[in-house]
Amino acid sequence: MHFLHVVGARPNFMKAAPLLRSLDAKGVRQTLVHSGQHYDRNMSDVFFDQLGIREPDVNLQVGGGSHAQQTAGIMSRFEPVLLETKPDVVIVYGDVNSTTAVAIVCAKLGVKLVHVEAGLRSFDRTMPEEINRLITDQLADVLLTPSIDGNENLRREGIPESKVHLVGNIMIDTLVRLLPVADELFSKLASEHGLKSFGLVTLHRPSNVDDISKLKPIVESLDRLAADMPMIFPVHPRTRQRITEHGLKIKHLKLLDPLPYIDFLALEKHAKAVMTDSGGVQEETTYLGVPCFTLRENTERPVTVSIGTNRLVGFDLTLLECEMRKTISGARTGGLVPPLWDGKTADRIADLLISPATFSLATT
Ligand code: UD1
Ligand code: UDP
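Just so we're clear, the structure is a prediction, and the values are computed from it rather than from any experiment.

## A word on the overall build of the protein
- Each helix and strand counted, the protein has 16 helices and 13 strands in total.
- Since a compact globule built from 364 residues should have a radius of gyration of about 21 Å, the 20 Å found for the protein is in line with a globular shape.
- By sequence separation, contacts in the protein at least 24 residues apart represent 68% of the contacts at least 6 residues apart.
- Here the protein displays about 14,700 Å² of accessible surface, and carbon together with sulfur accounts for 53% of that area.
- Of the side-chain charges in the protein, 40 are positive and 44 negative, and the distance between the mean point of each set is 2 Å.

Here's what the structure looks like:
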């Protein structure tokens, strides 16, 4: 069997790395395509280095653009690659535009498609990712879910159960593997940034950063918190553009460029609290037992709220400030790690994918 993986944006790299390793260990033929959706060194190459991902065989170099431009660009550049490489199976990850563009091309050319991180739903179609999730899951032949809510969502949408497998959270495989390295790095980072007790921030959802009437009060609120305790904020390029464009004044927040994975993980593990709108960060903080405040009205990862350490604060900045202050000065309460978030998801997926029954069941 010949597997072709497609990655494109930062959160894809942590998900593809463990599966590439597991399939390599089984001697399976693999091709890696990078769409080029993310292209800065600190949004792409640095993850290939730190996570030990092989050089992509092909980079489609699509870059940025509107959703239509980016999706269409990936589709038209990926089609000839798919026709030329002729894989038996294509594997896509998560919910970014690269995921969906590739899913459409595979469906039209009749190539088997596996979706890793299937079934997540925020039930909010104003999120571009929700559209990507719905389309990709309709088109996939094999759908691999990280948690049971994913199976329930897919059942409700009429996806045959024979196509769906609960495998666990593959992002956690990368975390488990690199946590000891991150722990070792922490003291160096702490002395470099003068950190003892601190908060960590990430922010990049268009709904929070593209509208200045949202972004300005969020940044002001975080800056007020940062006046009383160190707050580290590695800034996503989308957010950096908006902060610069609008000349937002920041006095206390410590703004950094996007961090390499191990550096970010080190800070995430040792932060008193994390404030985010990232999908992956909600999951990682749950695994680490670090309190997380999510600046969104909904989440496609409800298990992080129901049993983990995540709390949705919506756009209630008074609540955010109040809860962040309480959490940072109080004792940590912790939460539970969801079933199958155990560092072994990639091996479970690899076993499934090399079993011929998986694809024959998917066609029935
Ligand atoms: C994308 C995903 C989002 C994911 C996020 C992870 C979609 C629809 N969105 O959002 O689900 O959570 O990645 O980080 O697929 N840019 C750079 N350098 C880069 C990458 C981006 O400067 O390496 C700038 C460009 O101006 C670009 C903008 O950021 O146009 C947005 O990038 P894009 O990939 O379109 O969306 P993200 O906001 O990164
Ligand atoms: N991350 C990172 N450096 C940073 C911020 C995040 O390595 O400066 C990692 C984080 O640990 C997680 C992933 O990026 O593994 C989450 O990606 P992102 O927030 O960009 O996308 P989302 O998960 O929201 O789609």
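Following the structure, the description resumes.
## Thoughts on the site of ligand 2
- Taken together, 18 residues form the shell around ligand 2, and within it Leu 259, Ser 278, Gly 279, Gly 280 and Glu 284 come nearest.
- Ser 278 places a side-chain nitrogen or oxygen 2.7 Å from an oxygen atom of ligand 2.
- Here an oxygen atom of ligand 2 and a side-chain polar atom of Glu 284 are 2.5 Å apart.
- Protein chains shield 97% of the accessible area of ligand 2, which is 540 Å² for the free molecule.
- Within the residue set of the shell around ligand 2, elements represented by two or more residues are α1 (10–25), α11 (261–270) and α12 (279–288).
- Taken together, the residues of the shell around ligand 2 break down into 10 nonpolar, 4 polar and 4 charged.

## Section: the site of ligand 1
- Neighbouring residues of ligand 1: 18 residues in total, closest His 38, Asn 97, Glu 129, Arg 238 and Gln 241.
- Between ligand 1 and Tyr 39 there is a distance of 2.9 Å, counted from an oxygen atom to a backbone nitrogen or oxygen.
- Contacts to ligand 1 include Asp 40, whose side-chain N or O atom sits 2.8 Å from a nitrogen atom.
- Elements represented by at least two residues in the shell around ligand 1 include exactly α3 (67–85) and α10 (237–245).
- Ranked by residue count, the leading element in the shell around ligand 1 is α10, at 3 residues.
- Across the shell around ligand 1, the residue classes tally to 5 nonpolar, 9 polar and 4 charged.

## A short note on the sheet that holds strand β12 (residues 292–294)
- Strand order in the open sheet formed by 6 strands is β10-β9-β8-β11-β12-β13, and the pairing between neighbours is parallel. Where the open sheet ends on each side, the last strands, each with one partner, are β10 (254–256) and β13 (310–312). Strand-to-strand twist across the sheet, computed as the mean angle between neighbouring axes with direction ignored, equals 20°.
- In the sheet, strand β8 (residues 199–201) pairs with strand β11 (residues 273–276) via 3 bridges, with the strands oriented parallel. Residue Leu 200 lies in a different strand from β11, and its bridge partner there is Val 274.
- α12 contacts β11, β12 and β13 of the sheet and is inclined by roughly 165° relative to β11.

## Examining the nonpolar core
- Ranked by internal contacts, the top residues of the largest apolar core, which has 61 residues, are Leu 19, Leu 51, Ile 91, Val 114, Val 116, Tyr 261 and Leu 267.
- In this structure, Leu 51 is in contact with Phe 13, Met 14, Ala 17, Thr 174, Arg 177, Leu 178 and Tyr 261, ignoring residues within four places of it in sequence.
- Counting residues in each nonpolar core, the second largest holds 25 residues, with Val 201, Val 209, Leu 222 and Ala 273 among its members.

## So, the side chain of Ser 278
- Along the chain, the position of Ser 278 falls in the loop between β11 and α12.
- On the accessibility criterion, Ser 278 (10% relative accessible area) is buried.
- Ignoring any residue separated from it by four or fewer positions in sequence, one finds Ser 278 in contact with Thr 202, His 204 and Arg 205.

## Some words on helix α4 (residues 97–109)
- Over its 13 residues, α4 extends 19 Å from the first C-alpha to the last, a length consistent with the 18 Å expected when each residue adds 1.5 Å.
- Along α4, the positions that sit buried rather than exposed are Asn 97, Ser 98, Thr 99, Thr 100, Ala 101, Val 102, Ala 103, Ile 104, Val 105 and Cys 106.
- Buried residues belonging to α4 abut β1 (2–7), α3, β4 (89–93), β5 (112–116) and α5 (128–139).
- Gly 110 lies just past α4 and shows a positive phi near 70°.

## Overview of the pairing of strand β2 (residues 29–34)
- Among the 6 residues of β2, 5 are classified as buried, and the element is accordingly described as predominantly covered.
- Where β1 meets β2, 6 bridges bridge the pair, whose relative direction is parallel. Bridge assignment links His 5 to a residue of β2, and that residue is Leu 32.
- In the classification by handedness, the crossover that spans β1, the intervening α1 and the parallel β2 is right-handed.

## Some thoughts on the pattern of salt bridges
- Counted according to the given criterion, the structure contains 28 salt bridges.
- Note that Asp 210 and Arg 238 form a salt bridge whose closest N and O atoms lie 2.8 Å from each other. Highlighted residues: Asp 210 in the loop between α8 (206–209) and α9 (212–228) and Arg 238 in helix α10, separated in sequence by 28 residues.
- By relative accessible area, Asp 210 is classed as partly exposed at 32%.
- Through salt bridges with shared partners, a single network forms among Lys 15, Asp 95, Glu 117, Glu 130, Arg 133, Glu 283, Arg 296, Glu 300 and Arg 301.

The rules we used
Residues numbered from 1 in each chain as written. Chains lettered and ligands numbered in written order. Predicted model: local features only at pLDDT ≥ 70, side-chain atom pairs only at ≥ 80, totals over all residues. Heavy atoms only, no water. Helix = DSSP H or I, 4+ residues; strand = E, 2+ residues; numbered from the N terminus. Rg over C-alpha atoms; globule rule 2.2 N^0.38 Å. Contact = heavy atoms within 4.5 Å. Areas by Shrake-Rupley, 256 points an atom, 1.4 Å probe, with all protein chains shown as cover. Lys, Arg positive; Asp, Glu negative; His and termini not counted. Charge placed at Lys NZ, Arg CZ, Asp CG, Glu CD. Near = heavy atom within 4 Å. Polar contact = N/O pair within 3.5 Å; in protein donor to acceptor, adjacent residues only side chain to side chain. Nonpolar A, V, L, I, M, F, W, Y, C, P; charged D, E, K, R; others polar. Pairing = 2+ DSSP bridges. Axes fitted to C-alpha atoms, helices over the stretch in contact; angles between N-to-C directions. Core = buried A, V, L, I, M, F, W, Y, C linked by side-chain atoms within 4.5 Å. Buried < 20%, exposed > 50% of the residue type's maximum accessible area, 1.4 Å probe, protein only. Expected span 1.5 Å × (residues − 1). Right-handed = clockwise from strand over helix to strand, strands pointing away. Salt bridge = Lys/Arg side-chain N within 4 Å of Asp/Glu carboxyl O.

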